[in-house]
Amino acid sequence: MTTLYEHGTLASLMAGNFDGTITVGDLLKHGSTGIGTLTGLDGEVVILDNEVYQAVSSGKVNHITGMDATMPFASVHFPAEQQSVTLRDVNFAKLNNDFVKAHKLNNVFAFLKLSGNFEHVKIRIAPKQEKPYPTLLEVAQHQPEFRAANISGTILGYYAPAIFGTITAAGWHLHFISDDRQFAGHLLAFDATELTGSFEVFDNLEQHLPINNKEFRESTVDMSTLREGIAKSEGNAE
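Residues numbered from 1 in each chain as written. Predicted model: local features only at pLDDT ≥ 70, side-chain atom pairs only at ≥ 80, totals over all residues. Heavy atoms only, no water.

Novice: Just to check I follow, could you spell out the overall build of the protein chain for this structure?
Specialist: For the protein chain, the helix and strand inventory stands at six helices and 14 strands. A compact globule built from 238 residues should have a C-alpha radius of gyration of about 18 Å, and the protein chain, at 16 Å, falls within 12% of that. Taken over the C-alpha atoms alone, the protein chain extends approximately 45 × 40 × 35 Å along its principal axes. A total of 238 residues make up the protein chain; the buried ones form 52% of that total. Approximately 10800 Å² of the protein chain is accessible, and the part contributed by carbon and sulfur atoms is 48%. (Helix = DSSP H or I, 4+ residues; strand = E, 2+ residues; numbered from the N terminus. Rg over C-alpha atoms; globule rule 2.2 N^0.38 Å. Buried < 20%, exposed > 50% of the residue type's maximum accessible area, 1.4 Å probe, protein only. Areas by Shrake-Rupley, 256 points an atom, 1.4 Å probe, with all protein chains shown as cover.)

Novice: What should I look at first to understand helix H6 (residues 226-234) in this one?
Specialist: Residues spaced three or four apart along an α-helix face the same direction, because each turn holds 3.6 residues. Of the positions making up H6, those classed as buried are Leu226, Gly229, Ile230, Ser233 and Glu234. Looking straight down H6, one finds that the buried residues subtend no more than 130° of arc, so they occupy a single side. On its buried face, H6 is in contact with helix H1 (10-14), strand S10 (109-124), helix H4 (136-140), strand S12 (171-178) and strand S13 (184-202). Just downstream of H6 lies Gly235, where phi reads positive at about 90°. (Arc of directions from axis to C-beta. Contact = heavy atoms within 4.5 Å.)

Novice: Which parts of the structure should I look at to understand the pattern of salt bridges?
Specialist: Any two side chains of opposite charge can pair, on the condition that their charged atoms come close. On inspection of all chains with the given rule, the structure shows seven salt bridges. The closest approach of N and O atoms between Lys131 and Asp19, which form a salt bridge, is 2.7 Å. Of this pair, Lys131 sits in the loop between S10 and H4 while Asp19 sits in the loop between H1 and strand S2 (22-23), placing them 112 residues apart in sequence. The shortest N-O distance in the salt bridge between Glu44 and Arg124 comes to 3.0 Å. Placement of Glu44 in strand S4 (residues 44-48) and of Arg124 in strand S10 is noted, with a sequence separation of 80 residues between them. (Salt bridge = Lys/Arg side-chain N within 4 Å of Asp/Glu carboxyl O.)

Novice: Sorry if this is basic, but what is going on with the side chain of Gln143 here?
Specialist: With respect to the helices and strands, Gln143 occurs in the loop between H4 and strand S11 (145-160). On the accessibility criterion, Gln143 (13% relative accessible area) is buried. Here Ala126 takes part through its backbone nitrogen, which lies 3.4 Å from a polar atom of the side chain of Gln143. Not counting chain neighbours up to four residues away, the residues in contact with Gln143 comprise Glu44, Arg124, Ile125, Ala126, Pro127 and Ser233. (Polar contact = N/O pair within 3.5 Å; in protein donor to acceptor, adjacent residues only side chain to side chain.)

Novice: How should I be thinking about the pairing of strand S3 (residues 33-37) in this particular structure?
Specialist: One face of the sheet, then the other: side chains in a regular strand alternate in exactly this way. Within S3, five of the five residues are buried, leaving the element largely enclosed by the surrounding structure. Of the two faces of S3, the one holding Thr33, Ile35 and Thr37 and the one holding Gly34 and Gly36 are both buried throughout. As judged from the five bridges shared by S3 and strand S8 (residues 73-77), these two strands associate in the antiparallel manner. From the neighbouring strand, Gly34 faces S8, where its bridge partner is Val76. One ladder, built from three bridges, connects S3 with S4; its direction is antiparallel. Each residue of the ladder has a partner; that of Gly36, found in S4, is Val45. A loop of six residues connects S3 with S4, the two strands running antiparallel in sequence, and Gly40 in this loop sits at a positive phi of about 80°. (Pairing = 2+ DSSP bridges.)

Novice: Quick question: what am I supposed to make of the packing of aromatic side chains here?
Specialist: Remark: the centre distance and the inter-plane angle together describe each pair of aromatic rings, the angle taken between the planes. Scanning the model with the defined rule gives 11 aromatic pairs in all. With a centroid separation of 5.1 Å and 50° between ring planes, the pair formed by Phe18 and Tyr133 is classed as tilted. Of this pair, Phe18 sits in the loop between H1 and S2 while Tyr133 sits in the loop between S10 and H4, and the two are 115 residues apart along the sequence. In this structure Phe18 comes out as buried when scored by relative accessible area, which is 0%. Centre to centre, the rings of Phe118 and Phe176 are 5.1 Å apart; their planes meet at 85°, and the pair counts as edge-to-face. (Phe/Tyr/Trp six-rings, centres within 6.5 Å; stacked < 30°, edge-to-face > 60°.)

Right, dumping it as structure tokens:
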């Protein structure tokens, strides 16, 4: 059985619940690979082989070694039933369309990791917020974006079916990190001639909720605008 572990919900982030509710140390008990963000929506997190990296809004990438750092939202897993993949002339649009259709992902959760040389990468990084926190949509409208050309690195992240598009991002939610660990963030667009890596489908989703967090228990979500707000917050692939 393969399990995707998710802490918190994207809907809760949309409501502005940015306080960390799980430590990095506790999160790593549930997965050695994944993505997320730190307290205050402080940057974009990439987890690879139990190593935790945080891209902050200045463009700097930090290696997080303190296990007491906290996160409001994260998705992780232990790689298990992986399939090797090689993709040629690939971009975000092809992942969203051709790859999803070829692997019949419409109703499943999946993980993808692709490495190689990228002709072009566009990322964005959430800036750290202070209380009183705004909504995620308000933050998303003022996030710095960065571009790189001819860069070697890895994209990784998760695919979620549309029916689950309020606990996490529907479709692909991917982060990028360069091989030298100096450039990273939430992936908005990319182009590559050839990428190789691994692909995995999950048959189990473990959803962990921060039930002892007062803001989480008392917050309300505007369901009428939630999906539209999430789509705008995630950004559109070019």
